[in-house]
Amino acid sequence: MSLAVQRLSREFRSPVTTGLIAGVLALAIFGVVRGGTFILVDSLVTGAIWALVAAGLALTFGVMGVPNFAQGEFFMVGTLSGYLVYTALSGVQGRPYVPFVTILMALVVGFVLGALVDLAVFSQMRRRIREGWVMNTFVVTVGISVVMINAHQLIWGTDYKGIVAYFDGPPIHVLGVSVALDRVFAISVAAVSIAGLWWLLSYSRIGRAIRAVSQDEPGALMVGINVGRMRTLTFAISSGLAALAGATLLFQFPSFPFVGVKPLYVAWTVVILAGLGNVGGAVVAGFIIALLEANTGFFIGSAWEDVVPFALIVLILAVRPTGLFGRAVRSVWEQ
Amino acid sequence: MLRVTELDAGYGFLRVVHGISLQVNQGELVALLGPNGAGKSTTLKCIAGLVRPWKGDIAFRGHSIGGLRGDLVNGLGIGLVSESLNLFTGMTVYENLLMGAYSVPEAEKRRRSLDFVFSLFPRLAERRPQLAGTLSGGERKMLAIGRALMGGPSLLLVDEPSLGLAPKLTQQVFDALRKLSDDGLTILLVEQNVTATLEMVDRAYVLEQGEIVLEGSAQKLSESEHVKDVYLGVMA
Amino acid sequence: MTAFLWRRRGLGVALLALAVLPLVPPFDAENFRRWLVISALLAGWAIAFDFTAGYINVVNFGFAAFAGAGGYASALVTIHYGLPIWVSMFAGVILAGILGFLTGVLTLRFRGIYAAVAAWFLGLALLGITRNVSPITRGPLGLIVPTFFSTDSNLPYYYVVLAMMLVTYLVLKAVTESRAGLAFRAIGQNMEAARASGVNPTRYRILNFTLSCMFAGWLGAFYAHYYAILTPDVMATSQTVQVLVAAYLGGRGSLWGPAAAAFPLVFSTEWLRSNLDRFPGLDLVVYGLALILVMVYYPGGFAELVHAIRDRRLRLPGLRMRTAAAPQPGEAGAVLSDVRE
Ligand SMILES: Nc1ncnc2c1ncn2[C@@H]1O[C@H](COP(=O)(O)OP(=O)(O)OP(=O)(O)O)[C@@H](O)[C@H]1O
Ligand SMILES: [Mg+2]
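Small disclaimer: the values here were computed from a predicted structure and weren't measured.

Procedures and definitions
- Residues numbered from 1 in each chain as written.
- Chains lettered and ligands numbered in written order.
- Predicted model: local features only at pLDDT ≥ 70, side-chain atom pairs only at ≥ 80, totals over all residues.
- Heavy atoms only, no water.
- Helix = DSSP H or I, 4+ residues; strand = E, 2+ residues; numbered from the N terminus.
- Rg over C-alpha atoms; globule rule 2.2 N^0.38 Å.
- Contact = heavy atoms within 4.5 Å.
- Areas by Shrake-Rupley, 256 points an atom, 1.4 Å probe, with all protein chains shown as cover.
- Lys, Arg positive; Asp, Glu negative; His and termini not counted.
- Charge placed at Lys NZ, Arg CZ, Asp CG, Glu CD.
- Buried < 20%, exposed > 50% of the residue type's maximum accessible area, 1.4 Å probe, protein only.
- Pairing = 2+ DSSP bridges.
- Axes fitted to C-alpha atoms, helices over the stretch in contact; angles between N-to-C directions.
- Buried area = accessible area lost by both parts, 1.4 Å probe.
- Salt bridge = Lys/Arg side-chain N within 4 Å of Asp/Glu carboxyl O.
- Donors = N, O, S within 2.8 Å, 3.2 Å for Na, K, Ca; no water.
- Parallel < 35°, antiparallel > 145°, perpendicular 65-115°, else oblique.
- Nonpolar A, V, L, I, M, F, W, Y, C, P; charged D, E, K, R; others polar.
- Polar contact = N/O pair within 3.5 Å; in protein donor to acceptor, adjacent residues only side chain to side chain.
- Phe/Tyr/Trp six-rings, centres within 6.5 Å; stacked < 30°, edge-to-face > 60°.
- Lys NZ or Arg CZ within 6 Å of the ring centre and 35° of its normal.

**What to know about the overall build of chain C**
Next up, step 1: Each helix and strand counted, chain C has 16 helices and two strands in total.
Next up, step 2: Relative to the globule expectation of 20 Å for 341 residues, the C-alpha radius of gyration of chain C, 21 Å, shows essentially globular dimensions.
Next up, step 3: Its C-alpha atoms put chain C at 70 × 50 × 50 Å along the principal axes.
Next up, step 4: Partitioning the intrachain contacts of chain C with sequence separation of at least 6 by distance along the chain shows that 79% fall at a separation of at least 24.
Next up, step 5: Put simply, chain C shows about 14800 Å² of open surface, and 67% of that area lies on carbon and sulfur atoms.
Next up, step 6: In chain C, 25 side chains carry a positive charge and 15 a negative one; their mean positions are 9 Å apart.

Structure below.
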């Protein structure tokens, strides 16, 4: 914990970061005053889920140097397995444990699929490629994305496979806004998963080993860490988180081949804003982007929800190329 | 304990180590000396499994470990303190030491190693919550040695501990190594600081351009004309 | 000039073959001719893409957006000002060039993946704008665009796009063989080292982006006046992915490799699509798998393969000597340690 505090306090010394945080707070207050509290609640729910998808993206980049273009497709896998499991459990739908079983299954499917992809693709590449790792893996993930999207179409078709809601109880009221139970569920799942990820990375033996690999690979080998296994695990965790997010948001994002596009865009915006490879920053930036989207959607029109964040990110990048919280990015990562 | 036979190694098309053989017995403190670019670090990395040998055999306690992956070599009880140290700069001193004991399952054993490292380098105990990236050069070196000791190795490989240290600190580090050796740890040390090294070690090998040109007891080497000429700067 | 042409005699043979191809059976069927048009268009784009990716080592992931912007500019100019298509196309060149220039300026400070993502986001923003300013672009409804010819035949279109592809290749190749080409490769390999040896990275990166986007926009204009309808989808990432696949399968840094890869790529995917229409999506699964396999096992692509075959024939004894003198690199000499040292 002290570490996180140390780092945060260091980051707040930068005027750009402080200015940006102030700007976001101002935006939040403005949104709430002019638009209503629902903007805040809305941003909290989506922000939490985006943070989950983006944290995985940041983790894969930080540990493996893989800028994953297929992250959205693992979200898609989550929606799909969520849908398949949930409909398969139709006999017992309505039982309170069913949604939990559903998202857990999605997590497992995403995790296993991620591990397989790493073993089949990235581990093979590690043995062969000496230079241009980052860009080459990026292109490979583009291929993975194409394969996954079209495999979905090939096997399950292009129609929307969604559910109305996991929970059909009455909405609860927060800050004068009524929030559907599914959204409460979503934000709780996201909060628990982020806390879990944070605990895993900060305090567990495996989490430390993952961080060790991201900080110094030969060093990790020297203390006896099976570096290859840690990479596989990292990719599996990040795919699992994306799938979990997808299953959790199934009520809002019915499964179809291209459902991953939106989460992919958002996750990348978040990660670039936070600085590539910065897992903690990704969580914060997830909320910033969600707030920005909610405000854009309300004040300018939902068609511009995507455009404004993209344009803004490019501007932020022009001022701070390493992202909001990024430290000087190491040269290996820029290949 | 360690026996290297006819080892060939290099990078890409470039061969750096040409058929060298060396041996370190249980409890010995042995030095590998030589000028820059001789291939000393490459030899250590081969033993530690960070560079794959091209040819030849590396045997540790009678088992061949040539070409074994670094993490597995570490698991067999070989600790490496590399030239660049390879610390986890974003972790605290304590976490780095903990990572050193990554493959030690018993908490009790880890605690004892930690106490031992802190008694060897009290400085590290003071710096426990500090990020490794913010340590001074001397402290980093201590941390790297400490981290390697945390795994409870039976053979310690140390690459140029005197690099970039003031003479006084070098002496401290050497004293620590000597103490470890006296306590029974087997050590293979790579050094360029020939005078100080020969005063401390039992035996030494001299490596030049990838080949062993001299070997013998510390006594014998410090009297050798070649060593005097080239390394000690004594005018004949 | 003659030397420049003589060194391109391989190109001449290839072009001749491509020129007569739509006249010989079975390629004289209209649907094969259509595939040829698509191939040549993709080849042209792949050349322009490789000009950036293979030389200054920046993947312009917003490529399709710039190409599409060129298409829209040309279409709108013909529609509103009644200019002949041959003239209005240059509106596309200019708009895409300006956008490329701006992108070059904006992404100047970034390298590698950051530059790719910045260009990608710019492209997405452009796509969003195009979709949203429907009074001008008619948004997703699609803009009806006048075509080059009133005929239904693909043949005249094919010769037009083939010529455009050729011009793209010759101009960009000439640039890469000039001093600028050396500068591109230098900044692509190591920006700091290039700067230290007197190359101005700023100027060359902007020049590269501008040129590449100008040709992308020109070919985008062809696209508009060939398909007769433009929707914002032409600017989508999936479109960039197609170009990127051709460029990477063909082999970066050769210009001709990406062009050569475009033809079999289009033919195989179109064939799969039309013959296996019971399995929608199968063509793209195959396509994605091909990309993954090539990137994992042979990242040099088709161009590298051709070079390897040619070099081995020329210097076989030398190669043998080298392998005899030193152990095989790859396997035995693999360096595990210095990944991040
Ligand atoms: N990763 C590498 N890739 C290519 N060549 C390397 C690599 N590491 C070392 N070399 C080369 O191998 C040779 C021997 O290097 P090595 O580090 O083993 O020497 P050394 O004896 O440890 O020298 P020093 O005393 O300067 O540390 C040098 O010529 C060096 O340039
Ligand atoms: Mg060395």
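**What to know about the overall build of chain A**
Next up, step 1: Helix and strand counts for chain A come out as 13 helices and two strands.
Next up, step 2: For chain A, the proportion of its 335 residues judged to be buried stands at 59%.
Next up, step 3: Of the contacts made within chain A by residues no fewer than 6 positions apart, 77% connect residues no fewer than 24 positions apart.
Next up, step 4: Accessible surface, chain A: about 12600 Å² in total, of which carbon and sulfur atoms supply 69%.

**Details of the sheet that holds strand β1 (residues 2-11) of chain B**
Residue and element names in this part refer to chain B.
Next up, step 1: The strand order across the open sheet built from four strands is β2-β1-β4-β5, with neighbouring strands paired in antiparallel fashion. Both edges of this open sheet fall to β2 (14-24) and β5 (63-64), since each of them pairs with a single strand only.
Next up, step 2: In the sheet, β1 pairs with strand β4 (residues 55-60) via five bridges, with the strands oriented antiparallel. By the bridge assignment for β4, Thr5 is matched with Asp57.
Next up, step 3: Each of β1, β2 and β4 touches helix α1 (residues 40-48); the most contacted strand, β1, lies at about 115° to it.

**Section: the sheet that holds strand β10 (residues 211-217) of chain B**
Residues and elements named next belong to chain B.
Next up, step 1: The strand order across the open sheet built from six strands is β6-β7-β8-β3-β9-β10, with neighbouring strands paired in mixed fashion. Pairing within the sheet leaves two strands with one partner each, and these edge strands are β6 (78-81) and β10. For this sheet, the mean inter-axis angle between neighbouring strands, taken without regard to orientation, is 15°.
Next up, step 2: Here six bridges tie strand β9 (residues 203-208) to β10, and the two strands are oriented antiparallel to one another. Among the inter-strand pairings, Leu207 is bridged to a residue of β10, identified as Ile212.

**Side note on the interface of chain C and chain A**
Next up, step 1: With 46 residues of chain C in contact, the opposing surface of chain A contributes 57 residues.
Next up, step 2: Overall, the association of chain C and chain A removes approximately 4500 Å² of surface from exposure, summing both partners, and the carbon and sulfur fraction of that is 75%.
Next up, step 3: Applying the counting criterion to the chain C and chain A interface returns zero salt bridges.
Next up, step 4: Among the elements of the structure, α6 (112-132), α12 (237-250) and α14 (282-297) of chain C are those that each provide at least two residues to the side of chain C that touches chain A.

**Some details on the coordination of the magnesium ion (ligand 2)**
Residues and elements named next belong to chain B.
Next up, step 1: For the magnesium ion (ligand 2), the full set of protein donor atoms is Ser41 (OG), Glu83 (OE) and Glu83 (OE), and the range of their distances to it is 1.8 to 2.8 Å. Taken as a pair, Ser41 in helix α1 and Glu83 in the loop between β6 and α3 (93-100) lie far apart in primary sequence, 42 residues in all.
Next up, step 2: For Ser41, a relative accessible area of 14% translates into the label buried.

**Structural notes on the packing of helix α5 (residues 98-128) of chain A against α14(C)**
Between two packed helices, the angle of one axis relative to the other and the distance separating the axes together describe the packing.
Next up, step 1: Across the interface, α5(A) lies against α14(C) with an axial gap of 8 Å and an inter-helix angle of 30°. Classified by the angle their axes make, α5(A) and α14(C) are roughly parallel. Here A:Val121, A:Gln124, A:Met125 and A:Arg128 of α5(A) come into contact with α14(C), specifically with C:Ile292, C:Met295, C:Val296 and C:Tyr297.
Next up, step 2: Looking at side-chain class alone, the contact of α5(A) with α14(C) contains six nonpolar, one polar and one charged residues.

**Let's talk about the side chain of A:Lys161**
Residues and elements named next belong to chain A.
Next up, step 1: In this structure, Lys161 sits in the loop between α6 (133-156) and β1 (172-174).
Next up, step 2: Taking relative accessible area as the criterion, Lys161 reaches 6% and is therefore assigned buried.
Next up, step 3: Engagement of the side chain of Lys161 in a polar contact is seen with the backbone oxygen of Trp156, the distance being 3.3 Å.

**Observations regarding the packing of aromatic side chains**
Next up, step 1: Under the definition given, this model contains 40 aromatic pairs over all chains.
Next up, step 2: Ring centres of C:Phe32 and C:Trp35 lie 5.2 Å apart, and the angle between their planes is 85°; this geometry places the pair in the edge-to-face category. Of this pair, C:Phe32 and C:Trp35 both sit in helix α3 (residues 30-56), three residues apart, which is roughly one turn of the helix.
Next up, step 3: Aromatic side chains C:Tyr226 and C:Tyr227 sit 5.0 Å apart centroid to centroid with 75° between the ring planes, which places their arrangement in the edge-to-face category.
Next up, step 4: One aromatic cluster is present, formed by C:Trp45, C:Trp86, C:Phe148, C:Phe149, C:Tyr157, C:Phe222, C:Tyr223, C:Tyr226 and C:Tyr227 through successive ring pairs.
Next up, step 5: The ring of B:Tyr94 has B:Arg128 lying over it, and the distance from NZ or CZ to the ring centre is 4.3 Å.
Next up, step 6: The residue whose ring lies beneath C:Arg203 is C:Tyr204, and the NZ or CZ to ring-centre distance is 5.5 Å.

**Some remarks on the environment of C:Val58**
Residue and element names in this part refer to chain C.
Next up, step 1: With respect to the helices and strands, the residue Val58 is situated in the loop between α3 and α4 (63-81).
Next up, step 2: Here Val58 falls in the buried class, since its relative accessible area comes to 2%.
Next up, step 3: In this structure the C-alpha to C-alpha distance between Val58 and Tyr114, which are 56 residues apart in sequence, comes to 9.3 Å.
Next up, step 4: Setting aside its immediate chain neighbours within four residues, Val58 contacts Thr52, Ala53, Ala115, Arg205 and Phe209.

**Some points on unusual backbone geometry**
Most peptide bonds take the trans form, and the phi angle of most residues other than glycine is negative.
Next up, step 1: A positive phi angle, near 50°, is found at B:Arg61, a position not held by glycine.
Next up, step 2: As for its placement among the helices and strands, B:Arg61 is situated in the loop between β4 and β5.
Next up, step 3: A residue is classified by how much of its surface remains accessible, and B:Arg61, at 48% relative accessible area, is partly exposed.
Next up, step 4: One non-glycine residue, C:Asn57, lies in positive phi territory at about 65°.
Next up, step 5: C:Asn57 sits in the partly exposed class, given a relative accessible area of 37%.

**Observations concerning the pairing of strand β3 (residues 29-33) of chain B**
All names here are of chain B.
Next up, step 1: Taken across its five residues, β3 has five buried, putting it largely inside the fold.
Next up, step 2: Covered by surrounding structure in β3 are Leu29, Ala31 and Leu33 together with Val30 and Leu32, the residues of both alternating faces.
Next up, step 3: Here β3 runs beside β9; their pairing, made up of four bridges, is parallel. Bridged to Leu32 within β9 is Tyr205.

**Notes on the side chain of A:Gln71**
Next up, step 1: Topologically, A:Gln71 is positioned in helix α4 (residues 71-88).
Next up, step 2: Residue contacts for A:Gln71: discarding those within four places in its chain leaves A:Val53, A:Gly56, A:Leu57, A:Ser238, A:Ala242 and A:Leu264.

**A short note on the pattern of salt bridges**
Next up, step 1: Across all of its chains, the model carries 20 salt bridges over all chains by this definition.
Next up, step 2: Notably, a salt bridge pairs A:Glu217 with A:Arg126, separated by 3.9 Å at the nearest N-O pair. Of this pair, A:Glu217 sits in helix α9 (residues 217-222) while A:Arg126 sits in helix α5, and the two are 91 residues apart along the sequence.
Next up, step 3: Note that A:Lys161 and A:Asp159 form a salt bridge whose closest N and O atoms lie 4.0 Å from each other.
Next up, step 4: Of the residues examined, A:Asp159 reaches a relative accessible area of 48% and is grouped as partly exposed.
Next up, step 5: Look at the salt bridges and you will find they share partners, linking B:Glu108, B:Arg111, B:Arg112 and B:Asp115 into a network.

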